[in-house]
Amino acid sequence: MGKCEQCIVRQFSALKALSKEELLRMADCKTSYTIKKGESIFEEGETTNGVFCVKDGVCKMTKLSANGKDQIVKLAKSGELLGQRSMISDEPANLSAVALEDMEVCFVPKSEIMQFFNQNNQFSMNMMKTICGDLKDADDHMVSMAQKSVKERLAETLLYLHDSFGTNADGSLRIQLSREELAGMIGTATESCIRLLSEFNKNGWVDLTGKKITIKNKNQLKKISE
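Residues numbered from 1 in each chain as written. Predicted model: local features only at pLDDT ≥ 70, side-chain atom pairs only at ≥ 80, totals over all residues. Heavy atoms only, no water.

The protein carries the name Crp/Fnr family transcriptional regulator in an unreviewed UniProt entry, which gives Flavobacterium amnicola as its organism.

Listed below in structure tokens is the structure:
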């Protein structure tokens, strides 16, 4: 059992407002899981009855679109809480969470979280701020989808993957998305995404080796995305 007060999730999420006693209480009631790459933490439409703390690893938050394709809405990494919104609104999960690499997550039951929510003002404020931040990101993303070209959105997404999740020792993006996933993120057909990537590659802005993508000219991608 890991100690909640030493956990990375506490530094980055609403949990930073909890007292030592509250964290000890949480440590007593949480369940820890290892989620293998490709497995889901929870599915859209499922009742989660609590929140998941991402201790290690990255997952994609997806929504099933009308044509039966999974659309990536956001990526969540260590330090984040999942499922807070549906827990507060008392609704089933709006998104599915699927591991992009092996993950360590902890589940904290709703009863416990709601107790903190009702007793600790700063905790509830922090959680509300996080949810508002997610909504703001969703608004910004919607405007970007409507007003930017696919080329601009691809450049923007590659920079986001680079800046938020870093690179491997060889310089390639740490988060490896399939061409289909990348296309879903920028809201285009897989073929268009592949075509644009090879154009970026031809121009020397990125390097493609198998599934790996390496950014070669960050400034150029910035210029395109803006």
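There is more to say, and it comes next.
A. Structural detail: the overall build of the protein. In terms of helices and strands, the protein carries nine helices and 10 strands. Projected onto the principal axes, the alpha-carbon positions of the protein cover approximately 55 × 40 × 30 Å. Counting the 226 residues in the protein, one finds 42% classified as buried. Intrachain contacts of the protein at a sequence separation of at least 6 include 68% that bridge at least 24 residues. Accessible area for the protein stands at about 11800 Å²; split by element, carbon and sulfur atoms hold 49% of it. (Helix = DSSP H or I, 4+ residues; strand = E, 2+ residues; numbered from the N terminus. Buried < 20%, exposed > 50% of the residue type's maximum accessible area, 1.4 Å probe, protein only. Contact = heavy atoms within 4.5 Å. Areas by Shrake-Rupley, 256 points an atom, 1.4 Å probe, with all protein chains shown as cover.)

B. Here's a closer look at the packing of aromatic side chains. With the rule as written, the count across this model stands at five aromatic pairs. Seen in terms of ring centroids, F52 and F107 are 4.9 Å apart; in terms of plane orientation they differ by 50°. Their pairing is tilted. Taken as a pair, F52 in strand β3 (residues 50–56) and F107 in strand β8 (residues 103–109) lie far apart in primary sequence, 55 residues in all. Judged by its relative accessible area of 8%, F52 falls in the buried class. (Phe/Tyr/Trp six-rings, centres within 6.5 Å; stacked < 30°, edge-to-face > 60°.)

C. Seen up close, the sheet that holds strand β7 (residues 96–99). Taken in spatial order, the four strands make up an open sheet running β2-β7-β4-β5, and their pairing is antiparallel. Each edge of the open sheet carries a strand with a single partner, namely β2 (40–42) and β5 (70–76). In this sheet, adjacent strand axes meet at a mean angle of 35° when their direction is disregarded. The strands that helix α7 (residues 179–186) touches are β4 (59–64) and β5; relative to β5, the one it contacts most, it runs at about 85°. (Pairing = 2+ DSSP bridges. Axes fitted to C-alpha atoms, helices over the stretch in contact; angles between N-to-C directions.)

D. Main features of the UniProt feature "domain: HTH crp-type" (unreviewed entry) in the protein. Here the UniProt-annotated "domain: HTH crp-type" (unreviewed entry) positions come out as residues 148–219. Along residues 148–219 the backbone is 54% helical and 11% strand, and the end-to-end C-alpha distance reaches 18 Å. (UniProt positions renumbered as here; feature names shortened; annotations may be inferred.)

E. Region of the structure containing the sheet that holds strand β6 (residues 81–82). Reading across the sheet, the four strands line up as β1-β8-β3-β6 and stay open at both edges, with antiparallel pairing between neighbours. Taken across any chain shown, the strands that pair with only one partner, and hence form the sheet edges, are β1 (31–35) and β6. Relative to β8, β1 runs antiparallel, the two being bridged by five bridges. If you follow T34 over to β8, its bridge partner there is E104.

F. Local environment of helix α2 (residues 20–29). Restricting attention to buried positions, one finds in α2 the residues E22, L23, M26 and A27. Projected down its long axis, α2 carries its buried residues within an arc of 140°, all on one side. Facing away from the buried side of α2 by over 90 degrees, the exposed positions are E21 and D28. Packed against the buried residues of α2 are α1 (8–12), β8 and α4 (110–119). (Arc of directions from axis to C-beta.)

G. Molecular detail of the pairing of strand β10 (residues 212–215). Of the pairings in the sheet, the one linking strand β9 (residues 206–209) to β10 comprises four bridges and is antiparallel in character. Paired with V206 across the two strands is I215, which belongs to β10. Following β9, the chain reverses through two residues before pairing antiparallel with β10; G210 in that reversal takes a positive phi of roughly 60°.

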